[in-house]
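Overview (structure and organization)
So you can see what is in the structure, the chains are spelled out below.
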Amino acid sequence: MHTLTVDLAERSYPIYIDTGLLSVDGLLEKHIQGRQVCIVTNDTIAPLYLEVLQSHLREFSCSTVVLPDGEAHKNLDTLNNIFDELLADRHNRTTTLIALGGGVVGDMTGFAAAAYQRGVNFIQIPTTLLSQVDSSVGGKTGVNHPLGKNMIGAFHQPQCVLIDTDVINTLPEKELFAGLAEVIKYGLICDLDFFLWLEENIDDLLRKDPIALAYAIERSCADKAKVVAEDEREGGIRAILNLGHTFGHAIETEQGYGAWLHGEAVGIGMVMAAELSALQGRISLEDVARIKRLIERAHLPLVAPNGMSDDKFLAHMAVDKKVLDGRLRLVLLDEIGKAVVTSEIEVSDVKKALAACR
Ligand code: NAD
Ligand code: GLY
């Protein structure tokens with residue numbers, strides 16, 4: 001088993017990564033303080049993995065909430081299902097919530113844990129590639145609002161992250177591709193060697209080779225843990241983790257949550273950010289071509305949604321969380337492996353970057 005640490009002083013926690021971890025006794029239990037637990041999952045994941053998880057929790061008083069599946073349900077209404085269950089089963093402040101699922105379940109469970117009785121413990125058991133390499137680590141939790149993606153939420157760190165790499169075997173291909181967008185992101189923002197490794201090994205990841213997957217998951221988590229340890233609440237450097245997200249969130253919000261997968265939107269968003277970086281003379285056109293090639297090999301779209309105008313992009317981008325004093329701020333690339341956050345943005349260049357993805 002590989003263990004990484006997210007180093008945040010008194011809020012530090014381990015990330016466990018291995019095959020078959022869901023079947024290991026004793027690992028999870030040591031991160032549960034009280035006698036009560038509440039598993040939160042969804043109606044796709046429950047039939048696959050709920051029983052094995054419950055089998056480790058027999059000594060606890062265990063509630064279960066099964067949410068409807070999908071990004072379209074990542075909202076305050078659905079969140080209430082978790083609070084209803086916690087209150088009905090009289091969970092107290094020592095309870096531990098356990099997120100068993102992808103980023104949607106993880107973000108919602110984390111937010112419920114942040115808010116229930118002003119904050120209780122929670123554990124992340126991510127089951128998609130995307131959630132294993134990104135959303136389960138770092139403590140960003142929340143839900144969508146019709147006017148903006150992830151606009152309501154809290155920073156709340158888990159007690160531990162338990163990554164069983166075997167669960168990727170049941171993951172639909174499209175979701176695997178979406179996860180690869182966030183994996184490629186780490187290579188682009190801070191890890192040139194990893195980008196080079198991905199260029200060599202992306203085909204192994206596409207066929208779910210367990211050794212390649214375990215390596216990519218661990219490397220991604222290590223890159224993310226390092227950034228989060230430096231800047232837990234995104235006062236500065238953490239913003240680089242949002243490469244492509246301002247464009248991507250605009251697509252997700254405009255198209256309706258779930259129409260484009262988060263990873264698909266981030267994938268093309270990173271291409272738009274690369275085009276804009278080249279327009280500013282930060283990277284070369286050869287670099288852009290290389291980035292596009294890798295995204296394409298991951299079976300991610302390179303063309304923006306039909307009919308989504310520049311004005312629609314710009315309107316959604318104006319409500320991004322990185323906007324400061326009304327000024328758009330974007331993550332761009334100074335080179336492959338080095339991101340920069342800048343508000344030196346000409347709207348005309350943004351339009352040209354969008355045009356390159358039409
Ligand atoms: P998801 O949670 O919707 O999961 C994708 C689909 O795969 C769902 O249908 C799910 O039921 C299914 N699934 C999950 N695990 C499975 C498995 N092992 N086998 C079969 N099916 C499985 O999507 P996601 O890509 O995991 O997460 C996207 C969400 O994560 C977005 O809402 C995004 O905003 C959020 N996110 C958050 C952060 C953060 O830092 N908190 C970072 C990145 C993304
Ligand atoms: N996915 C962006 C972050 O965790 O900061």
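What counts as what
- Residues numbered from 1 in each chain as written.
- Chains lettered and ligands numbered in written order.
- Predicted model: local features only at pLDDT ≥ 70, side-chain atom pairs only at ≥ 80, totals over all residues.
- Heavy atoms only, no water.
- Near = heavy atom within 4 Å.
- Polar contact = N/O pair within 3.5 Å; in protein donor to acceptor, adjacent residues only side chain to side chain.
- Areas by Shrake-Rupley, 256 points an atom, 1.4 Å probe, with all protein chains shown as cover.
- Helix = DSSP H or I, 4+ residues; strand = E, 2+ residues; numbered from the N terminus.
- Core = buried A, V, L, I, M, F, W, Y, C linked by side-chain atoms within 4.5 Å.
- Buried < 20%, exposed > 50% of the residue type's maximum accessible area, 1.4 Å probe, protein only.
- Contact = heavy atoms within 4.5 Å.
- Salt bridge = Lys/Arg side-chain N within 4 Å of Asp/Glu carboxyl O.
- Nonpolar A, V, L, I, M, F, W, Y, C, P; charged D, E, K, R; others polar.
- 1 Å grid on protein atoms, 1.4 Å probe; cavity = no way out; pocket = protein on both sides within 12 Å on 5 of 7 lines; lining within 4 Å.
- Points joined across faces, edges and corners; volume = space filled by probe spheres on them.
- Axes fitted to C-alpha atoms, helices over the stretch in contact; angles between N-to-C directions.
- Parallel < 35°, antiparallel > 145°, perpendicular 65-115°, else oblique.
- Left-handed = near helix turned anticlockwise from the far one by under 90°.
- Disulfide = S-S within 2.5 Å.
- Pairing = 2+ DSSP bridges.
- Phe/Tyr/Trp six-rings, centres within 6.5 Å; stacked < 30°, edge-to-face > 60°.

Taken together, 28 residues form the shell around ligand 1, and within it Asp 69, Gly 103, Thr 127, Thr 128 and Thr 170 come nearest. Within the side chain of Lys 149, a nitrogen or oxygen atom sits 2.9 Å from an oxygen atom of ligand 1. In the environment of ligand 1, an oxygen atom lies 3.5 Å from a nitrogen or oxygen atom belonging to the side chain of Lys 224. Within the complex, the protein chains bury 91% of what would otherwise be the 870 Å² of accessible surface of ligand 1.

In this section: unusual backbone geometry. The backbone of Ala 9 sits at a positive phi, close to 50 degrees, despite the residue not being glycine. Here Ala 9 is to be found in the loop between β1 (2-6) and β2 (13-18).

Let us look at the nonpolar core. Core analysis: the largest hydrophobic core is formed by 79 residues, its most contacted members being Ile 15, Leu 129, Leu 188, Phe 247, Ile 291 and Phe 313. When sequence neighbours within four positions are dropped, the list of residues in contact with Phe 313 reads Phe 247, Ala 250, Ile 251, Met 272, Ala 304, Met 308, Leu 354 and Arg 358. Formed by 22 residues, the second largest nonpolar core is a distinct cluster that contains Val 37, Leu 50, Ile 125 and Val 167.

A few words now on the pattern of salt bridges. Per the counting criterion, the structure on display carries 20 salt bridges. Between Glu 232 and Arg 11 there is a salt bridge whose closest N-O contact spans 2.5 Å. Note that Glu 232 is positioned in the loop between α7 (210-230) and α8 (245-255) and Arg 11 in the loop between β1 and β2, a separation of 221 residues in sequence.

The next point concerns the site of ligand 2. As a structural note, the neighbourhood of ligand 2 is formed by Asp 134, Lys 140, Lys 224, Glu 234, Arg 238, Leu 241 and Asn 242. In this structure, a nitrogen atom belonging to ligand 2 sits 3.3 Å away from a side-chain N or O atom of Asp 134. Separating an oxygen atom of ligand 2 from a side-chain N or O atom of Arg 238 is a distance of 2.7 Å. The fraction of the free accessible surface of ligand 2 (200 Å²) that becomes covered by protein chains is 90%. Split by residue class, the shell around ligand 2 holds one nonpolar, one polar and five charged.

Another point: empty space enclosed by the protein. Using the criterion set out here, one finds three cavities of 30 Å³ or more in the structure. Roughly 90 Å³ of internal volume is contained in the largest cavity. If you go around the largest cavity, you meet 13 residues; those closest to its centre are Lys 149, His 249, Thr 253, His 316 and Val 319. Going through the elements one at a time, β8 (148-155), α8 and α11 (310-317) are the ones with two or more residues in the lining of the largest cavity. Broken down by element, the lining of the largest cavity gets its largest block of residues, four residues, from α8. Residues that form the lining of the largest cavity fall into these classes: five nonpolar, five polar and three charged. When its volume is computed, the second largest cavity comes out at roughly 50 Å³. In terms of lining residues, the second largest cavity is bounded by Leu 21, Leu 22, Val 24, Leu 27, Leu 28, Leu 53, His 56, Ile 125 and Leu 162.

Turning to the packing of helix α2 (residues 76-88) against helix α3 (residues 103-115), a few remarks are in order. Contact pair α2 / α3: the axes reach a minimum separation of 10 Å and the direction vectors enclose 60 degrees. In terms of their interaxial angle, α2 and α3 are classed as oblique. Remark: the crossing between α2 and α3 carries right-handed chirality. Contacts between α2 and α3 involve Leu 76, Thr 78, Leu 79, Ile 82 and Phe 83 from the former and Met 108, Thr 109, Phe 111, Ala 112 and Ala 115 from the latter. Its residues placed into classes, the contact of α2 with α3 shows eight nonpolar, two polar and no charged.

Taken as a whole and judged by the stated rule, the model has zero disulfides. A disulfide-free cysteine, Cys 190 has its sulfur positioned 12 Å from the sulfur of Cys 221, the nearest such atom.

Turning to the environment of Val 143, a few remarks are in order. The topology assignment puts Val 143 in strand β7 (residues 140-145). Its relative accessible area of 0% is what places Val 143 among the buried residues. For the pair Val 143 and Leu 76, spaced 67 residues apart in sequence, the C-alpha to C-alpha distance is 6.7 Å.

Considering the arrangement of structural elements, one finds Ser 220 in helix α7. Once you skip the residues sitting within four places of it in the chain, Ser 220 turns out to touch Val 133, Val 183, Tyr 186 and Phe 194.

The next thing to look at is the pairing of strand β10 (residues 330-335). Note that β10 and strand β11 (residues 338-342) share five bridges and pair antiparallel. Looking at the pairing, Leu 332 lines up with Val 340 of β11. Count of turn residues in the β10/β11 antiparallel hairpin: two residues, of which Gly 337 carries a positive phi of about 105 degrees.

With that settled, consider the packing of aromatic side chains. All chains considered together, the criterion is met by three aromatic pairs. Ring centres of Phe 194 and Tyr 215 lie 6.3 Å apart, and the angle between their planes is 75 degrees; on these two criteria the pair is classed as edge-to-face. You can see Phe 194 sitting in helix α6 (residues 192-206) and its partner Tyr 215 sitting in helix α7, a full 21 residues away along the chain. Take Phe 194: its relative accessible area is 0%, and that puts it in the buried class. One aromatic cluster is present, built from ring pairs that chain together Phe 194, Trp 197 and Tyr 215.

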